Amino acid sequence: MDDLDKYIEKRKSQNKDFAENFDKGYEEFKINELKEFDISEYLDNKEIRDEYLAQVLKDGDKDELSQALANIKKAKS
């Protein structure tokens, strides 16, 4: 168990409201917040785009490369 999990379990044991609402709130956060992330919004200069592409070329597959190129194109428009 990592430190975050330990903290959450400690808070749940100390606070009934937190314990009752944590799981539902966490699921709603993941669904509503994380699905809205668009990396193209952060590719706002050439150096960042170049580093992003370099990382995908180093670690990604052809599908990830295709998505990265689409993200870069979107960022430039």
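Residues numbered from 1 in each chain as written. Predicted model: local features only at pLDDT ≥ 70, side-chain atom pairs only at ≥ 80, totals over all residues. Heavy atoms only, no water.

Q: Before we go on, may I ask you to explain the packing of aromatic side chains in this structure?
A: The description of two aromatic rings rests on the distance between their centres and on the angle between their planes. Tallied over the entire structure, the rule returns 2 aromatic pairs. With centroids separated by 5.3 Å and ring planes inclined at 35°, the aromatic side chains of Phe18 and Phe22 adopt a geometry described as tilted. Remark: Phe22 and Phe18 occur in helix α2 (residues 16-34); sequence separation between them is 4 residues, near one turn of the helix. Here the two residues Phe18 and Phe22 agree in accessibility, since each one is buried. When the centroid spacing of 5.6 Å and the interplanar angle of 15° are considered together, the rings of Phe37 and Tyr42 count as stacked. Judged by relative accessible area, Phe37 falls into the exposed class, the value being 55%. A cation over a ring is seen here: Arg11 above Phe18, with NZ or CZ 4.2 Å from the ring centre. (Phe/Tyr/Trp six-rings, centres within 6.5 Å; stacked < 30°, edge-to-face > 60°. Helix = DSSP H or I, 4+ residues; strand = E, 2+ residues; numbered from the N terminus. Buried < 20%, exposed > 50% of the residue type's maximum accessible area, 1.4 Å probe, protein only. Lys NZ or Arg CZ within 6 Å of the ring centre and 35° of its normal.)

Purely geometric numbers; function is a separate question.
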